[in-house]
Amino acid sequence: MEQNIRLMQEIFQGDNTLVVRRAQSPHGLTCAAFFFDGMVNGIAINQSIVRPIVSSTFRRATAEELAQTILQINDSRVETDNNKLFASFLYGDTVIFTEGESRPVVVNTKGFALRSASEPENERVLSGPREGFTECFMPNLALIRRRLNDKRLKFTFLRIGTRTNTVVCLCYLDGVCEHKLIGEIKKRLSQIDPDSILDSNYLSERIRDHRWSPFPTMGTTERPDVVAARLVEGRCAIIVDGSPVVLTAPYLLQECFQSNDDYYVNFLQANLSRILRLTGFVFSVCVPAVYVALMLYHRELVPARLLFAVSAAQRGVPLPSGWETLLMLFVLEALKEAGARTPGAMGQTMSIVGGLVLGQAAVSARFAAAPTVIVVAIAGVTGLMVPKLQTAALYLRFGLLAAAAAYGLYGVGIAMALVLAWLCNMHSFSIPYLLNLVPRVGIEHEDAYLRAPWFFMRHDRFPVKKEDRHH
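Residues numbered from 1 in each chain as written. Predicted model: local features only at pLDDT ≥ 70, side-chain atom pairs only at ≥ 80, totals over all residues. Heavy atoms only, no water.

Bringing the overall build of the protein into the picture now. A tally of regular secondary structure across the protein gives 15 helices and 12 strands. Over its C-alpha trace the protein gives a radius of gyration of 30 Å, far above what one expects of a compact globule, namely 23 Å for 471 residues. Counting over 471 residues, the protein shows a buried share of 44%. Within the protein, contacts between residues at least 6 apart in sequence are counted, and of these 65% link residues at least 24 apart. Per element, the accessible surface of the protein, about 25,400 Å² overall, is 59% carbon and sulfur. One way to put it: in the protein the 48 positive side-chain charges average out to a point 4 Å from where the 43 negative ones average out. (Helix = DSSP H or I, 4+ residues; strand = E, 2+ residues; numbered from the N terminus. Rg over C-alpha atoms; globule rule 2.2 N^0.38 Å. Buried < 20%, exposed > 50% of the residue type's maximum accessible area, 1.4 Å probe, protein only. Contact = heavy atoms within 4.5 Å. Areas by Shrake-Rupley, 256 points an atom, 1.4 Å probe, with all protein chains shown as cover. Lys, Arg positive; Asp, Glu negative; His and termini not counted. Charge placed at Lys NZ, Arg CZ, Asp CG, Glu CD.)

See below:
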């Protein structure tokens, strides 16, 4: 045991958080427990490890006797694999050596601090569950298990990262999720060899399709109810230890316009909201480009009264409509970024006040026309309606603006056609990205771009076997 103590101290030399707790019973049983301060539950160590050893009547004990007879804790095992031993030890478990035994006993004593499973700030709902994932790994799995009380629910663990040795869990419903999809995700995870994995995005950018596309091809969520719904639909989920964001695959364009509230309110209200989101996204990327194209190339398409009003407002503005709109869009994005990076309520106040002050000052000083400010404001507000496509909306907005300034409405039409062709060529884990965009014969999915009522939903898409139904 003394040799093992010296070996452990040499391995973790310079780490002042390492604690060695010796315990000896009156009958001669001597043990040494190793753990890291701040990562263990002190009560569990005192009551489940130290007290049973001190009160034991054994003179000597094997590793099996120590794990199965003496220690009073629900998870203790004899570990002979050094890689698994140190992985558990570095994650908060306690390693115990006893005199006369070379094999260590690993005890689950994790007790590091974690936050409560509160509702995520970015995915709040008006009605529905209020729980969200945290940075702690096993409680996240428990949140999923509690919602899917099915023996076909599988959790497959992997360790990724040569330095962080991060635990990653692949979650799926066996018999519902296609085995081809499961094999593809496992293959991509096994092929990467990163130095560290600190968040789920470290994996997302490595295994997703179309890495250079601003359109997301992997889903992200912090809500366990969303993950449970995706698993029931036949998707896979990837949970990363230390990250509250769970990845789901495959991910389709239609999911960008869906919201958690859609399933907790009446289907009429949900469909109206989805139509508004889709319309808002189109307005966000097209309104500035169409405005510039009409002002530069197609003034004859604008009603006379509206054209006179816009021309009067632009009188005295030194910049052309294209550069004027580009400048205002840049100011809008700068205000959004500053508001997002400023902590607390100060950021919201600065965004609102900054937008009002700068907009009014620009119009008063004749740096920008009032119609341009209105168009940019419409594009900015409608862009917030689809938060999962904000990056794509930003790139499309500036790209269509450049096409409109160069070729007018013809340029906008050609650019939109190219974007649509690009989306038609995209896929997510072999699933077409625009699946269900056009109604097909015999469609099996009633939750595409509009949600059908629950009493129209088909529940027999994945039939249950007779033996499963009996159980």
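Our focus in this paragraph is the pairing of strand 2 (residues 30-36). The element strand 2 is largely enclosed, with a buried count of 6 among its 7 residues. The turn linking strand 1 (residues 18-24) back onto strand 2 is made up of 5 residues, and Gly 28 within it adopts a positive phi angle of 110°. Two elements, strand 2 and strand 4 (residues 94-98), share 4 bridges in a ladder whose sense is antiparallel. Counterpart to Phe 34 in the pairing with strand 4 is Val 95. (Pairing = 2+ DSSP bridges.)

The linkage connecting Ala 249 with the following residue, Pro 250, adopts the cis geometry, with an omega of -5°. Non-glycine residue Asn 165 carries a positive phi angle of around 50°. Relative to the assigned elements, Asn 165 resides in the loop between strand 6 (153-160) and strand 7 (166-173). For Asn 165, a relative accessible area of 30% puts it in the partly exposed group. Of note, Phe 429 is a non-glycine position whose phi angle comes to about 50°, a positive value.

Here the focus is the pattern of salt bridges. Under the criterion given, the structure shown has 23 salt bridges. Among the salt bridges present, the one from Glu 64 reaches Arg 103, with a minimum N-O distance of 2.7 Å. You can see Glu 64 sitting in helix 3 (residues 63-70) and its partner Arg 103 sitting in the loop between strand 4 and strand 5 (105-107), a full 39 residues away along the chain. Residue Glu 64 is classed as partly exposed on the basis of its relative accessible area of 30%. (Salt bridge = Lys/Arg side-chain N within 4 Å of Asp/Glu carboxyl O.)

The contact between helix 9 (residues 267-296) and helix 11 (residues 321-341) brings their axes to 9 Å, and the two run at 160°. Accordingly, the angle class assigned to the pair helix 9 and helix 11 is roughly antiparallel. Classified by chirality, the crossing of helix 11 by helix 9 is right-handed. Contacts between helix 9 and helix 11 involve Pro 288, Tyr 291, Val 292, Met 295 and Leu 296 from the first element and Ser 321, Gly 322, Thr 325 and Leu 329 from the second. Class assignment for the residues of the contact of helix 9 with helix 11 results in 6 nonpolar, 3 polar and no charged. (Axes fitted to C-alpha atoms, helices over the stretch in contact; angles between N-to-C directions. Parallel < 35°, antiparallel > 145°, perpendicular 65-115°, else oblique. Left-handed = near helix turned anticlockwise from the far one by under 90°. Nonpolar A, V, L, I, M, F, W, Y, C, P; charged D, E, K, R; others polar.)

What follows is about the packing of aromatic side chains. According to the stated counting rule, one finds 8 aromatic pairs in the structure shown. Ring geometry for Phe 36 against Phe 89: centres 4.6 Å apart, planes inclined by 35°, an arrangement best described as tilted. One end of the pair, Phe 36, is in strand 2; the other, Phe 89, is in helix 4 (residues 82-90), with 53 residues separating them in the sequence. Judged on exposure class, the residue Phe 36 and its partner Phe 89 are both buried. With a centroid separation of 5.9 Å and 75° between ring planes, the pair formed by Phe 257 and Phe 281 is classed as edge-to-face. You can see Phe 257 sitting in the loop between strand 10 (246-249) and helix 9 and its partner Phe 281 sitting in helix 9, a full 24 residues away along the chain. Accessibility classification places Phe 257 together with Phe 281 in one group, the buried group. Taken together, the aromatic side chains of Phe 12, Phe 36, Phe 86 and Phe 89 make up a single cluster linked through ring pairs. (Phe/Tyr/Trp six-rings, centres within 6.5 Å; stacked < 30°, edge-to-face > 60°.)

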